[in-house]
Structures are given as C-alpha cells and as structure tokens.
Protein chains: 2
Amino acid sequence: MYAVVKVKEKILSSNSPCAACKFLRRKCTQECVFAPYFPPDQPQKFANVHKVYGASNVSKLLNDLPATQREDAVNSLAYEADARLRDPVYGCVGLISILQRRLKQVQTDLDNAKRELANYIGPSAVLPILHQGRFWGCPELGLSERLSISSNSGPGTF
Amino acid sequence: MYAVVKVKEKILSSNSPCAACKFLRRKCTQECVFAPYFPPDQPQKFANVHKVYGASNVSKLLNDLPATQREDAVNSLAYEADARLRDPVYGCVGLISILQRRLKQVQTDLDNAKRELANYIGPSAVLPILHQGRFWGCPELGLSERLSISSNSGPGTF
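All of the points below concern the structure found in this document. Here the structure is a predicted model, which means the values were calculated and not measured.

Thresholds, definitions, all that
- Residues numbered from 1 in each chain as written.
- Chains lettered and ligands numbered in written order.
- Predicted model: local features only at pLDDT ≥ 70, side-chain atom pairs only at ≥ 80, totals over all residues.
- Heavy atoms only, no water.
- Helix = DSSP H or I, 4+ residues; strand = E, 2+ residues; numbered from the N terminus.
- Expected span 1.5 Å × (residues − 1).
- Buried < 20%, exposed > 50% of the residue type's maximum accessible area, 1.4 Å probe, protein only.
- Lys, Arg positive; Asp, Glu negative; His and termini not counted.
- Salt bridge = Lys/Arg side-chain N within 4 Å of Asp/Glu carboxyl O.
- Polar contact = N/O pair within 3.5 Å; in protein donor to acceptor, adjacent residues only side chain to side chain.
- Contact = heavy atoms within 4.5 Å.

### A few points about helix α6 (residues 93-121) of chain A
- Under the 1.5 Å per step criterion, the end-to-end length of α6 of chain A is 41 Å for 29 residues, consistent within 8% with the ideal 42 Å.
- A positive phi of about 100° marks Gly122 of chain A, the residue just after α6 of chain A.

### A word on the side chain of Arg70 of chain B
Residue and element names in this part refer to chain B.
- On the secondary structure map, Arg70 appears in helix α5 (residues 67-86).
- As a buried residue without a salt bridge, Arg70 has its nearest oppositely charged side chain in Asp64, at a separation of 7.9 Å.
- Among the polar contacts made by the side chain of Arg70, one reaches the main-chain carbonyl oxygen of Leu65 at a distance of 3.0 Å.
- In this view, Arg70 contacts Val33, Tyr37, Leu62, Asn63 and Leu65; residues no more than four positions away in its chain are not counted.

### So, the environment of Arg102 of chain A
- On the secondary structure map, Arg102 of chain A appears in helix α6.
- What makes Arg102 of chain A buried here is its relative accessible area of 10%.
- Among the polar contacts listed, one links the side chain of Arg102 of chain A to the side chain of Gln107 of chain B, at a separation of 3.4 Å.

In structure tokens:
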C-alpha cells in the first residue's frame, strides 16, 4: 500500500500523465484510478488491457476493489490481456490446459515410481502425499477436451 | 463447423434472438456474430462475457478469427470471464499460479522418488522423463511471487 502511494506520488510529481490518461488523451488527475498501476514508462501494459477489456471495464473493476488489492488485479488483467493478444483463441486458458495435462502426466509418473518403490520397501511407498490429487475433482479438468485444444496449440505461444 | 451451422440454423428457425441480442435488446439477424455461440437458453454465458470484456470487444475478436476457431475462443472467453467474476483480483491467473505450484511440488516428489529408486535399481531410475521440466523456463514461473498470491486465495474460488 505504501509502495503504491509512493508510486502515485512519483507519477504526479513528475507531471507526466499516466500511461492510461496519455493513451486516452485526457487529463490525469490526483484521483485517477489508473495512475498508480500504469506508469507513463509502460505504455504497452495499458494498451493491452484496454484492447482486451476496455478502459471502462477495468476502471469499474478497480473501483469495486479495495486499494490494497488493485495492484494484483491490474497485474493479473495485464497477464491475461497479454496472453489473449498472443493467442486470441485460447488466451491463458491454453496455458491452464497445458499445465493440467502436464500435472496429470507427472502425477502418473509419480504414482508409477511409488508403485515400483513399493516392490523394494513395502506398501508405505504408495501412501498418498498430502493433498495429492487435489485438483482432479475441479471443473477445470477436462477443459482441454471441451475446448478441443490441440497438442500444438500452446507452448509456442507462451 | 457443420455443428455450428446447425446450431445457427436451429436458433434462427426458432425465431428467438440469441442470448447476446436479447441482452443488448437488438434484432438478431442472420449475420449475427454471437448467435452460433450464445444460444438463447444460456443467458448467463453472454452476460458474464459482456460484463468482463464488453460486447464490442468480443465482437471484434470474433470477427478477426476464422469461423472454425470462434467456438473455442468464445468458450475460453466465457471461462476467463467466469473466473474473473468469481475472483475479481486474480481471475484465472490464480488457477495458473496454483497449478504451477502444484506441478512444482509433484515434480519434486517425483525427483525424490526416482532418487530413492536409484538406490535399488541404479542410476537409470533418475533419467529424465521426456519433456520433463519443459515449463520451468517459461515466463509464467514465478507469477505467484510477482502477484503475491497467498496460499489461501485460490482453490476455494474455483
């Protein structure tokens, strides 16, 4: 919070409009909701978020959040916007799908290794790790199938 | 593609405007870009996408894509919009962070199990699996740290 206030002070003291106000060609006031998170030296960050969500939607979302959470919200929006511009079809959902497949594969490898270990040290080797399989009941599982994400649609774009 | 055309035909033949046109209170024409993907019986799907991205941005994105990719694009947008409305701070980036942490943990467990196996069957047990560690060099790694996602900010919201 302190850091955010400091950034805002720095921006205002420099008399430069924030990247959002510069992009939107409007006056950057002390109450500007974008200024602390879109410094003038990062024009692309705002341009991406504006292109995907629209300034008005981002402004509404930020105004509905306490100040302490706005920086994280902006960064996650910027991340999603960047992913959507790189991959207009799947955006960061493509990465979720890849991570899910990869996790499933590594989990299978771990299960196999533990079963093999059990041959040497007994059944204790296959006891489940705490929280193992926690995500397999989530609605996200199977997303790749629902979206029909092909195996070559992901890693190269991230 | 055939299925999409069939859905469009079904919607138009029923004379019901699609969920988007109903929401926006406009006439649903044969050229409506939303109609094949926002059937009238799924009003929430469009309402969510509209709230997060705005109809105009979605329309632009769809018009820039070939028809064969639009259904996947709409589904990934709907998924991201739903995640953003459930978790306005992190959206589906929160899930990416959780999956990355989980993958890192399972990978560590696998490495340990393989090292232990090596004590019994020799060094072949620790040979890397094909593609192992493929994602650790991606810019996504460390996202949780950049966003300071706390350990209790995720699973419950998805």
